[in-house]
Structures are given as structure tokens and as C-alpha cells.
Amino acid sequence: MKEENHPKLEKALRALAKEEIFVPRERDERMLGAIRAHFEEPTAVVSDRPRLARRRTPSVWQHWLPLAAAIVIAGLILYFARPTERQMADLNRDGTVDVIDALLMAKEVQRGKGSDINHDQKIDARDAEEIATLAVRLERGPWAEEAE
Amino acid sequence: MKYIRGVICWVLLVAFVETITAHGAFAVYEVYVDSGSKALAAYQVRIWDEEGVAKILSVEGGEPPAFQAPPFFDPKAIQKNVIKLAAFRVDASEQLPRGKVRVASLHVEIPESGARPRWRVVIEAAATADGRKIAVRASVFKKDEE
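Given the structure is predicted, the values throughout are model-derived calculations rather than measurements. (Residues numbered from 1 in each chain as written. Chains lettered and ligands numbered in written order. Predicted model: local features only at pLDDT ≥ 70, side-chain atom pairs only at ≥ 80, totals over all residues. Heavy atoms only, no water.)

Caption draft 1: Broad picture of the packing of aromatic side chains. Residue and element names in this part refer to chain B. Enumeration over the complete set of coordinates arrives at five aromatic pairs over all chains. Ring geometry for Tyr43 against Phe67: centres 5.4 Å apart, planes inclined by 70°, an arrangement best described as edge-to-face. One end of the pair, Tyr43, is in strand β2 (residues 42-49); the other, Phe67, is in the loop between β3 (55-61) and β4 (82-88), with 24 residues separating them in the sequence. The class for Tyr43 is buried, based on a relative accessible area of 1%. We classify Phe67 as buried; its relative accessible area is 2%. (Phe/Tyr/Trp six-rings, centres within 6.5 Å; stacked < 30°, edge-to-face > 60°. Helix = DSSP H or I, 4+ residues; strand = E, 2+ residues; numbered from the N terminus. Buried < 20%, exposed > 50% of the residue type's maximum accessible area, 1.4 Å probe, protein only.)

See below:
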């Protein structure tokens, strides 16, 4: 801001800085008392105990709630991070469950490996068949509407 | 007397034709997969009738021993004009078919008389015995029309 733009304002501000404002002592103390009363803690008036002793002790639920919340969150993360049936069935990791995954599973089963896709607690040829059944399901594509 | 007999025969013939057309026509369509020189261990195709006139009734297996069993399909495709077929074999390459082979047959009903389905086939997957993807060609023909 340049001086020539607001000469009057500048002059008035400079004059204000030099001018002494008299505040009577009583008014000053009254004002300070009111400020102290406003910001003072209410318990300080009724209690003489030290400040730390006046803090409330946390209740049991306050103590255990964060831990319980952490356990629940960890459980949810584990639950949703579990591989889905589709992810388990996509053996060649090409993003689609198709008959090639069924073929690979059948070969795994032949070698005594594989995974329990149909959740029957057994790893056998039925797991490969389950993948093939998943692969031919009509609901899994836009052609489902064509069929309706 | 001859005249009456002729009329009765004509009426019976008309009634027979009417009965046949009222129930629609039935046909068999054969699904072929051509894997060229490579051994076909697995295939997955999506087939649908663009005209929407055919209703799939049942699915039969194919010709080569490896694919004689009916392929996998969704039972919900029955009475519809779209189906996905898939089959796989874990046999050794030597026992798997090569070239153009009939892998399945579709038994369909065409309720509308004179209508003719127009089949479209999309290959969704095909692989050799070791699970490697291969490019194949697929086609659908009416039985005895290939």
C-alpha cells in the first residue's frame, strides 16, 4: 500500500500510536477478574487437591475398547484379504476362470497337489470339475441378458 | 367310395402336417473345433443363435474318444438360445485329437416353422496337454449339412 493512496488513514494511524489511553486501575482489575473467572476450571474452586489427582480414572470399557476395536479391524482385514473362490480357481492367474484352469487343476490333482475348490474337505477330480462348472456359468457375462 | 377314401386320406395328411408344425421342428447341430496340428486338451466355447429362434434341448458329447462325454454346460442354458460348452482331458498328447473334430452336438427345437437359427461361436479358451493356450477355430453345422 503506497502512502499517496491513503494519506489520511496513515496520518490517523500514526496519531493513534502516539496517543496514550488511560484505563483506571479499578476497571483494569475488574476486567482481569472477569477474565480469570471465565477461564478458571470449576473444580478448582471446590477442591484443594493437586491438579493431577483431580483427573478422572478411565473406566474399564475405555481401557479395553481400543484393543477390541483393533482386534475387530484386524479380523475384518484378514477376512476380506482371503482369496475368493474365483481367485483360488484362477490357477494360471490370467484374470479369468476358464477350462484351462480346470485342466491345470486336474493335472495338479494327478500329482497329489491342488486345492479344495468345492469345499468338500477333499482334493480330487471334483475340484477340477467345479472349476469347469464355474467357467460355463451363463451369469458371468453380458450374454446372460441375451439368454433371457 | 374311392372319393370318400381320398378325402379321409387328405384330412389325415393335413392333420399330421398340422401336428408336426404345431410342435415345431427339431434339429441337431454339431460343434467342431479345429486345433490344427496341435493336440486339443481343453476347449471352451460360447454358442448362441443370433436369430433367437432356437431353443437348446440337450447336449451330447463329441466324436473323438477324448471328448465323447458330454461337455460341461450350465443347465440354465436349456430352453435358451445361448450356451457355453467346455471340456478338458488330462491324457497324454498322443491320445488327444488334432485337426478338425466334432466335440459336441446340440439338440435344439425351433418352434417357429420355417425359421432357421444363425449360430455364432466364440472361442473362450483352448489349450494343449501342458495347459498352454492355443489358437483354434470353432464352427457349428446342422447335422449332415457340413
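From this point, the narrative continues.
Caption draft 2: Highlighting the sheet that holds strand β1 (residues 25-34) of chain B. All names here are of chain B. Read across the open sheet, the four strands follow the order β3-β5-β1-β7; overall the sheet is antiparallel. Both edges of this open sheet fall to β3 and β7 (137-142), since each of them pairs with a single strand only. For this sheet the average axis-to-axis angle between neighbouring strands, irrespective of direction, equals 25°. (Pairing = 2+ DSSP bridges. Axes fitted to C-alpha atoms, helices over the stretch in contact; angles between N-to-C directions.)

Caption draft 3: Layout of the pattern of salt bridges. The tally for this structure, following the rule as stated, stands at twelve salt bridges over all chains. Of the charged contacts, one joins Asp94(A) and Lys133(B) as a salt bridge, the two residues approaching to 2.9 Å between their closest N and O atoms. Of this pair, Asp94(A) sits in the loop between α5 (85-89) and α6 (99-110) while Lys133(B) sits in the loop between β6 (119-127) and β7, each in a different chain. Residue Asp94(A) is classed as partly exposed on the basis of its relative accessible area of 31%. (Salt bridge = Lys/Arg side-chain N within 4 Å of Asp/Glu carboxyl O.)

Caption draft 4: Geometry of the sheet that holds β2(B). Spatially, β4-β2-β6 (chain B) is the arrangement adopted by the three strands of the open sheet, whose pairing is antiparallel. In this open sheet, the two strands that pair with only one neighbour each are β4 and β6 of chain B. Within the sheet, the average angular offset between the axes of one strand and its neighbour, ignoring direction, is 15°. For β2(B) and β6(B), the ladder comprises eight bridges, and the chain directions are antiparallel. Bridging across to β6(B), Ile47(B) finds its partner in Val121(B). Here α6(A) sits on the sheet and contacts β2, β4 and β6 of chain B; the angle it forms with β4(B), its principal contact strand, is near 25°. (Contact = heavy atoms within 4.5 Å.)

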